[in-house]
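In case you want the letters, here they are:
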Amino acid sequence: MPQEILVVGSTALDSIETAHGRVQEVLGGSAFYFAAAAARYAPVLVVGVVGEDFPRASLEPLRELGVSLDGLENVPGRTFRWGGRYHDDLIGRDTLFTELGVFQEFRPRIPAAARRRPVLFLANIQPSLQLDVLDQMEAPALVVTDTMNLWIDMALPDLVRVIARSHILIVNDEEARQITGRRALLPAMRALQAMGPRTVVVKKGEHGALMGHGERLFAAPALPLEQVVDPTGAGDTFAGGFVGSLAADGRVDDETLRRAVIRGSALASFSVEAFSLDRLLAVTPGQLAERLARFTDLTSYSLT
Ligand code: AMP
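This report concerns the structure included in the present document. From a predicted model like this one, the values you see are computed outputs, not experimental measurements.

Scanning the protein from terminus to terminus reveals 11 helices and 13 strands. When the 304 residues of the protein are sorted by exposure, 56% land in the buried category. Only carbon and sulfur atoms are counted for the fraction: they give 51% of the accessible area of the protein, which is about 13,000 Å². Measuring between centres, the 30 positive side-chain charges of the protein sit 5 Å from its 37 negative side-chain charges.

What follows is the structure, encoded as C-alpha coordinates:
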(Lines give C-alpha, C1' and ligand atoms only; values in the text may rest on other atoms or scores of the structure.)
Protein backbone atom coordinates (compact mmCIF):
# COMPACT_ATOMS: atom_id res chain seq x y z
CA MET A 1 0.00 0.00 0.00
CA PRO A 2 1.52 3.35 -1.00
CA GLN A 3 1.82 5.91 1.77
CA GLU A 4 -0.43 8.97 1.58
CA ILE A 5 1.11 12.30 0.61
CA LEU A 6 0.16 15.82 1.65
CA VAL A 7 1.42 18.70 -0.50
CA VAL A 8 1.26 22.39 0.32
CA GLY A 9 2.37 24.86 -2.32
CA SER A 10 1.33 27.46 -4.84
CA THR A 11 -1.88 26.91 -6.77
CA ALA A 12 -1.67 29.40 -9.58
CA LEU A 13 -2.54 30.91 -12.90
CA ASP A 14 0.57 31.25 -15.06
CA SER A 15 1.31 33.44 -18.08
CA ILE A 16 4.30 32.12 -19.99
CA GLU A 17 6.30 33.08 -23.06
CA THR A 18 8.80 30.76 -24.71
CA ALA A 19 10.30 30.49 -28.20
CA HIS A 20 7.32 28.26 -29.01
CA GLY A 21 4.57 30.71 -28.16
CA ARG A 22 2.75 32.24 -25.25
CA VAL A 23 -0.13 31.29 -23.00
CA GLN A 24 -2.06 33.38 -20.52
CA GLU A 25 -3.60 32.50 -17.17
CA VAL A 26 -3.23 28.75 -17.54
CA LEU A 27 -3.20 26.18 -14.75
CA GLY A 28 0.10 26.34 -12.85
CA GLY A 29 1.63 26.41 -9.40
CA SER A 30 4.07 24.14 -7.66
CA ALA A 31 1.40 22.10 -5.84
CA PHE A 32 -0.57 21.26 -8.99
CA TYR A 33 2.48 20.18 -11.01
CA PHE A 34 3.64 18.11 -8.05
CA ALA A 35 0.25 16.45 -7.54
CA ALA A 36 -0.18 15.58 -11.23
CA ALA A 37 3.12 13.68 -11.09
CA ALA A 38 2.90 12.14 -7.60
CA ALA A 39 -0.62 10.80 -8.21
CA ARG A 40 0.89 8.31 -10.67
CA TYR A 41 2.34 6.46 -7.69
CA ALA A 42 0.49 7.35 -4.49
CA PRO A 43 -2.60 9.17 -3.12
CA VAL A 44 -2.08 12.96 -2.88
CA LEU A 45 -4.01 15.66 -1.05
CA VAL A 46 -3.42 19.28 -2.11
CA VAL A 47 -3.57 22.10 0.43
CA GLY A 48 -3.60 25.55 -1.13
CA VAL A 49 -5.85 28.48 -1.89
CA VAL A 50 -7.43 30.01 -4.98
CA GLY A 51 -9.50 33.14 -5.45
CA GLU A 52 -13.00 33.52 -6.79
CA ASP A 53 -11.54 34.21 -10.27
CA PHE A 54 -10.08 30.70 -10.52
CA PRO A 55 -11.53 28.51 -13.32
CA ARG A 56 -12.49 25.48 -11.21
CA ALA A 57 -13.30 23.36 -14.26
CA SER A 58 -9.57 23.34 -15.11
CA LEU A 59 -9.05 21.06 -12.09
CA GLU A 60 -11.16 18.22 -13.48
CA PRO A 61 -8.21 16.36 -15.10
CA LEU A 62 -6.36 16.42 -11.75
CA ARG A 63 -9.42 14.93 -10.04
CA GLU A 64 -9.59 12.26 -12.73
CA LEU A 65 -6.02 11.31 -11.86
CA GLY A 66 -7.21 10.73 -8.28
CA VAL A 67 -5.76 13.91 -6.74
CA SER A 68 -7.75 15.00 -3.68
CA LEU A 69 -8.51 18.72 -3.70
CA ASP A 70 -10.38 18.72 -0.38
CA GLY A 71 -7.68 20.97 1.11
CA LEU A 72 -7.94 23.59 -1.64
CA GLU A 73 -9.63 26.64 -0.15
CA ASN A 74 -11.68 29.00 -2.26
CA VAL A 75 -11.70 32.54 -0.84
CA PRO A 76 -12.60 36.06 -2.00
CA GLY A 77 -9.75 37.78 -3.81
CA ARG A 78 -7.38 37.11 -6.68
CA THR A 79 -5.64 33.81 -7.35
CA PHE A 80 -1.80 33.68 -7.16
CA ARG A 81 -0.45 34.72 -10.56
CA TRP A 82 3.02 34.24 -11.99
CA GLY A 83 4.40 35.43 -15.30
CA GLY A 84 7.65 34.31 -16.88
CA ARG A 85 9.54 34.73 -20.14
CA TYR A 86 12.13 32.17 -21.19
CA HIS A 87 15.32 33.03 -23.04
CA ASP A 88 15.85 31.47 -26.45
CA ASP A 89 17.97 28.71 -24.93
CA LEU A 90 14.84 27.62 -22.98
CA ILE A 91 16.97 27.45 -19.84
CA GLY A 92 17.29 31.01 -18.57
CA ARG A 93 14.09 32.83 -17.66
CA ASP A 94 12.94 36.16 -16.32
CA THR A 95 10.09 36.40 -13.86
CA LEU A 96 7.80 39.12 -15.22
CA PHE A 97 5.57 39.28 -12.14
CA THR A 98 4.64 37.41 -8.98
CA GLU A 99 1.25 38.39 -7.56
CA LEU A 100 0.66 36.56 -4.29
CA GLY A 101 -3.04 37.51 -4.26
CA VAL A 102 -4.90 35.24 -1.83
CA PHE A 103 -1.60 33.68 -0.68
CA GLN A 104 -0.77 36.98 1.01
CA GLU A 105 -3.26 36.36 3.83
CA PHE A 106 -3.33 32.58 3.61
CA ARG A 107 -3.02 30.48 6.78
CA PRO A 108 -2.96 26.85 5.70
CA ARG A 109 -5.44 24.71 7.63
CA ILE A 110 -4.49 21.08 7.40
CA PRO A 111 -7.66 18.95 7.65
CA ALA A 112 -7.55 16.97 10.92
CA ALA A 113 -7.32 13.58 9.20
CA ALA A 114 -4.46 14.78 6.97
CA ARG A 115 -2.21 15.81 9.89
CA ARG A 116 -1.25 12.20 10.34
CA ARG A 117 -0.19 11.69 6.72
CA PRO A 118 3.27 10.09 6.75
CA VAL A 119 4.67 11.97 3.74
CA LEU A 120 4.74 15.77 3.53
CA PHE A 121 5.93 17.73 0.51
CA LEU A 122 6.54 21.41 1.13
CA ALA A 123 6.35 22.71 -2.42
CA ASN A 124 7.61 26.14 -3.38
CA ILE A 125 5.77 28.83 -1.40
CA GLN A 126 6.62 31.38 1.33
CA PRO A 127 8.83 29.63 3.93
CA SER A 128 6.61 31.06 6.71
CA LEU A 129 3.72 29.00 5.31
CA GLN A 130 5.95 25.93 5.09
CA LEU A 131 6.76 26.39 8.80
CA ASP A 132 3.10 26.84 9.63
CA VAL A 133 2.32 23.51 7.97
CA LEU A 134 5.18 21.72 9.74
CA ASP A 135 3.80 22.95 13.07
CA GLN A 136 0.39 21.42 12.31
CA MET A 137 1.64 17.98 11.30
CA GLU A 138 1.93 15.05 13.69
CA ALA A 139 5.51 13.89 13.18
CA PRO A 140 5.50 12.96 9.48
CA ALA A 141 7.94 10.15 8.71
CA LEU A 142 9.18 11.93 5.59
CA VAL A 143 9.40 15.69 4.98
CA VAL A 144 10.61 16.79 1.55
CA THR A 145 11.13 20.48 0.76
CA ASP A 146 11.49 22.65 -2.34
CA THR A 147 11.99 26.42 -2.68
CA MET A 148 13.10 29.09 -5.16
CA ASN A 149 15.42 32.07 -5.50
CA LEU A 150 12.76 34.63 -4.51
CA TRP A 151 12.47 33.09 -1.03
CA ILE A 152 16.22 32.68 -0.66
CA ASP A 153 16.49 36.42 -1.29
CA MET A 154 13.51 37.48 0.82
CA ALA A 155 13.07 34.96 3.63
CA LEU A 156 16.34 33.11 4.22
CA PRO A 157 16.06 32.82 8.06
CA ASP A 158 12.64 31.12 7.80
CA LEU A 159 13.88 28.98 4.93
CA VAL A 160 16.84 27.80 7.00
CA ARG A 161 14.38 26.72 9.72
CA VAL A 162 12.35 24.76 7.18
CA ILE A 163 15.47 23.08 5.80
CA ALA A 164 16.55 22.08 9.31
CA ARG A 165 13.25 20.22 9.76
CA SER A 166 13.37 18.43 6.38
CA HIS A 167 14.64 14.92 5.63
CA ILE A 168 15.14 15.66 1.93
CA LEU A 169 15.80 18.97 0.19
CA ILE A 170 15.27 19.42 -3.54
CA VAL A 171 16.85 22.50 -5.11
CA ASN A 172 18.41 23.49 -8.42
CA ASP A 173 22.13 24.12 -8.79
CA GLU A 174 21.83 27.91 -8.64
CA GLU A 175 19.71 27.74 -5.46
CA ALA A 176 22.21 25.36 -3.83
CA ARG A 177 24.97 27.90 -4.48
CA GLN A 178 22.81 30.84 -3.42
CA ILE A 179 21.85 29.28 -0.07
CA THR A 180 25.34 28.11 0.86
CA GLY A 181 27.61 30.64 -0.85
CA ARG A 182 29.67 27.71 -2.25
CA ARG A 183 30.42 27.79 -5.96
CA ALA A 184 31.30 24.12 -6.45
CA LEU A 185 28.31 21.81 -6.33
CA LEU A 186 29.67 19.08 -4.09
CA PRO A 187 30.68 21.41 -1.21
CA ALA A 188 27.33 23.18 -1.64
CA MET A 189 25.49 19.87 -1.29
CA ARG A 190 27.52 18.87 1.74
CA ALA A 191 26.80 22.27 3.31
CA LEU A 192 23.07 21.79 2.71
CA GLN A 193 23.20 18.33 4.30
CA ALA A 194 24.95 19.90 7.30
CA MET A 195 21.91 22.20 7.69
CA GLY A 196 19.66 19.19 8.42
CA PRO A 197 18.52 17.00 5.52
CA ARG A 198 20.30 13.68 5.16
CA THR A 199 19.46 13.72 1.46
CA VAL A 200 19.87 16.59 -1.00
CA VAL A 201 18.82 16.45 -4.63
CA VAL A 202 20.22 19.09 -6.95
CA LYS A 203 18.41 19.54 -10.27
CA LYS A 204 20.52 20.69 -13.17
CA GLY A 205 17.88 21.15 -15.88
CA GLU A 206 18.88 19.48 -19.14
CA HIS A 207 21.94 18.06 -17.36
CA GLY A 208 19.89 15.89 -15.04
CA ALA A 209 20.11 15.59 -11.28
CA LEU A 210 22.72 14.85 -8.64
CA MET A 211 21.71 13.33 -5.30
CA GLY A 212 23.70 13.14 -2.10
CA HIS A 213 22.39 10.62 0.41
CA GLY A 214 24.57 10.48 3.48
CA GLU A 215 28.02 9.91 2.05
CA ARG A 216 26.76 8.49 -1.22
CA LEU A 217 26.23 10.19 -4.56
CA PHE A 218 23.95 9.31 -7.45
CA ALA A 219 23.82 11.05 -10.82
CA ALA A 220 20.95 10.77 -13.30
CA PRO A 221 20.82 12.29 -16.78
CA ALA A 222 17.87 14.19 -18.16
CA LEU A 223 16.29 12.43 -21.11
CA PRO A 224 17.46 14.12 -24.33
CA LEU A 225 14.27 15.48 -25.96
CA GLU A 226 13.41 16.43 -29.54
CA GLN A 227 11.66 19.58 -28.38
CA VAL A 228 11.25 21.54 -25.16
CA VAL A 229 8.18 23.78 -25.36
CA ASP A 230 7.84 25.08 -21.79
CA PRO A 231 10.18 24.18 -18.90
CA THR A 232 7.81 25.66 -16.29
CA GLY A 233 7.07 23.24 -13.49
CA ALA A 234 9.73 20.72 -14.48
CA GLY A 235 11.20 20.90 -10.98
CA ASP A 236 7.84 20.43 -9.27
CA THR A 237 7.02 17.55 -11.60
CA PHE A 238 10.36 15.95 -10.81
CA ALA A 239 9.57 16.30 -7.11
CA GLY A 240 6.15 14.73 -7.66
CA GLY A 241 7.55 11.64 -9.34
CA PHE A 242 10.35 11.47 -6.77
CA VAL A 243 8.15 11.73 -3.67
CA GLY A 244 5.39 9.60 -5.21
CA SER A 245 7.89 6.85 -5.87
CA LEU A 246 9.22 6.96 -2.29
CA ALA A 247 5.65 6.85 -0.95
CA ALA A 248 4.90 3.85 -3.16
CA ASP A 249 8.01 2.04 -1.93
CA GLY A 250 7.21 2.94 1.67
CA ARG A 251 10.83 3.27 2.72
CA VAL A 252 13.76 5.61 2.08
CA ASP A 253 17.12 4.03 1.33
CA ASP A 254 19.74 4.21 -1.36
CA GLU A 255 17.83 1.86 -3.66
CA THR A 256 14.41 3.55 -3.38
CA LEU A 257 15.98 7.02 -3.64
CA ARG A 258 17.74 6.17 -6.90
CA ARG A 259 14.53 4.75 -8.38
CA ALA A 260 12.70 7.89 -7.22
CA VAL A 261 15.17 10.17 -9.05
CA ILE A 262 14.63 8.25 -12.29
CA ARG A 263 10.84 8.29 -11.97
CA GLY A 264 10.92 12.00 -11.22
CA SER A 265 13.16 12.64 -14.21
CA ALA A 266 10.90 10.61 -16.52
CA LEU A 267 7.79 12.55 -15.52
CA ALA A 268 9.63 15.88 -15.80
CA SER A 269 10.60 14.97 -19.35
CA PHE A 270 6.91 14.88 -20.28
CA SER A 271 6.05 18.06 -18.46
CA VAL A 272 8.29 20.26 -20.62
CA GLU A 273 6.85 19.01 -23.92
CA ALA A 274 3.82 21.31 -23.74
CA PHE A 275 2.64 24.45 -21.95
CA SER A 276 1.12 24.27 -18.48
CA LEU A 277 0.18 20.78 -17.26
CA ASP A 278 -1.18 19.76 -20.67
CA ARG A 279 1.28 16.98 -21.49
CA LEU A 280 1.76 15.83 -17.91
CA LEU A 281 -1.95 15.26 -17.39
CA ALA A 282 -2.24 13.25 -20.60
CA VAL A 283 0.58 10.76 -19.93
CA THR A 284 -0.65 7.15 -20.12
CA PRO A 285 0.84 4.35 -18.00
CA GLY A 286 2.21 2.80 -21.19
CA GLN A 287 3.98 6.00 -22.21
CA LEU A 288 5.47 6.34 -18.74
CA ALA A 289 6.72 2.75 -18.79
CA GLU A 290 8.26 3.29 -22.22
CA ARG A 291 10.09 6.40 -21.06
CA LEU A 292 11.39 4.69 -17.94
CA ALA A 293 12.78 1.94 -20.17
CA ARG A 294 14.55 4.60 -22.25
CA PHE A 295 16.19 5.87 -19.08
CA THR A 296 17.48 2.43 -18.24
CA ASP A 297 18.85 2.05 -21.76
CA LEU A 298 20.37 5.54 -21.74
CA THR A 299 22.49 4.82 -18.68
CA SER A 300 23.33 1.14 -18.91
CA TYR A 301 26.78 -0.03 -20.04
CA SER A 302 29.22 -2.81 -19.49
CA LEU A 303 32.82 -2.44 -18.39
CA THR A 304 33.79 -5.95 -19.46
P1 AMP B 1 9.39 25.97 -11.56
O2 AMP B 1 9.41 26.10 -13.06
O3 AMP B 1 9.71 24.59 -11.09
O4 AMP B 1 10.16 27.04 -10.89
O5 AMP B 1 7.88 26.16 -11.09
C6 AMP B 1 7.04 27.05 -11.74
C7 AMP B 1 5.74 27.16 -10.99
O8 AMP B 1 5.98 27.76 -9.72
C9 AMP B 1 4.77 28.02 -11.74
O10 AMP B 1 3.65 27.26 -12.10
C11 AMP B 1 4.44 29.18 -10.80
O12 AMP B 1 3.07 29.38 -10.66
C13 AMP B 1 5.04 28.78 -9.48
N14 AMP B 1 5.76 29.89 -8.84
C15 AMP B 1 6.46 30.88 -9.43
N16 AMP B 1 6.98 31.71 -8.53
C17 AMP B 1 6.60 31.25 -7.31
C18 AMP B 1 6.83 31.67 -5.96
N19 AMP B 1 7.57 32.75 -5.68
N20 AMP B 1 6.30 30.93 -4.96
C21 AMP B 1 5.58 29.83 -5.24
N22 AMP B 1 5.33 29.38 -6.49
C23 AMP B 1 5.83 30.08 -7.52
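Structure's up, so let's keep going.
Bringing unusual backbone geometry into the picture now. One non-glycine residue, E25, adopts positive backbone phi at about 50°. Exposure remark for E25: the relative accessible area of 42% places this residue in the partly exposed category. With phi around 45°, A139 is a residue other than glycine that occupies positive phi space. Locating A139 in the fold gives a position in the loop between α3 (127-136) and β9 (142-146).

Because the α-helix completes a turn every 3.6 residues, residues three or four places apart line up on one side. Over its 18 residues, helix α9 (residues 254-271) runs 26 Å from end to end, which matches the ideal 26 Å to within 8%, given 1.5 Å per residue. In terms of burial, α9 is largely enclosed, as 15 of its 18 residues are buried. You can read the cap of α9 off the contacts: a side-chain oxygen lies 3.1 Å from the backbone nitrogen of E255, and it is on D253.

A word on the side chain of S265. The topology assignment puts S265 in helix α9. For S265, a relative accessible area of 9% puts it in the buried group. Apart from the residues lying within four places of it in its own chain, the contact partners of S265 are P221, F238 and F295.

On to the pattern of salt bridges, then. One pass over the full model with this rule turns up 23 salt bridges. A salt bridge links R259 to D249; the nearest nitrogen and oxygen atoms lie 3.1 Å apart. Separated by 10 residues along the polypeptide, R259 in helix α9 and D249 in helix α8 (residues 234-249) bring together distant segments of the chain. Owing to a relative accessible area of 28%, R259 belongs among the partly exposed residues under this scheme. In this structure, R251 engages D253 in a salt bridge whose closest nitrogen and oxygen atoms are separated by 2.2 Å. On the basis of relative accessible area, R251 is assigned to the partly exposed category, the value being 38%. On the basis of relative accessible area, D253 is assigned to the partly exposed category, the value being 24%. Connected through salt bridges with shared partners, the residues D249, R251, D253, E255 and R259 form a single ionic network.

Ordered in space as β3-β2-β6-β7, the four strands form an open sheet in which the pairing is mixed. Taken across any chain shown, the strands that pair with only one partner, and hence form the sheet edges, are β3 (21-28) and β7 (93-99). Direction aside, the axes of adjacent strands within the sheet are offset by 15° on average. Of the pairings in the sheet, the one linking strand β6 (residues 80-86) to β7 comprises six bridges and is antiparallel in character. Bridge pairing links R85 to D94 in β7.

Position of A188 relative to the elements: it lies in helix α7 (residues 185-194). The class of A188 is buried, set by a relative accessible area of 0%. When near neighbours in sequence (up to four residues on either side) are disregarded, A188 contacts A176, T180 and R182.

Mapping S269 onto the fold places it in helix α9. When its relative accessible area of 4% is taken as the criterion, S269 is described as buried. Within the structure, the side chain of S269 is placed 2.6 Å from the backbone oxygen of A266, a separation counted as a polar contact. Filtering out sequence-adjacent residues up to four positions away, S269 remains in contact with L223, L225 and R291.

Cut-off values and rules
Residues numbered from 1 in each chain as written. Predicted model: local features only at pLDDT ≥ 70, side-chain atom pairs only at ≥ 80, totals over all residues. Heavy atoms only, no water. Helix = DSSP H or I, 4+ residues; strand = E, 2+ residues; numbered from the N terminus. Buried < 20%, exposed > 50% of the residue type's maximum accessible area, 1.4 Å probe, protein only. Areas by Shrake-Rupley, 256 points an atom, 1.4 Å probe, with all protein chains shown as cover. Lys, Arg positive; Asp, Glu negative; His and termini not counted. Charge placed at Lys NZ, Arg CZ, Asp CG, Glu CD. Expected span 1.5 Å × (residues − 1). Polar contact = N/O pair within 3.5 Å; in protein donor to acceptor, adjacent residues only side chain to side chain. Contact = heavy atoms within 4.5 Å. Salt bridge = Lys/Arg side-chain N within 4 Å of Asp/Glu carboxyl O. Pairing = 2+ DSSP bridges. Axes fitted to C-alpha atoms, helices over the stretch in contact; angles between N-to-C directions.

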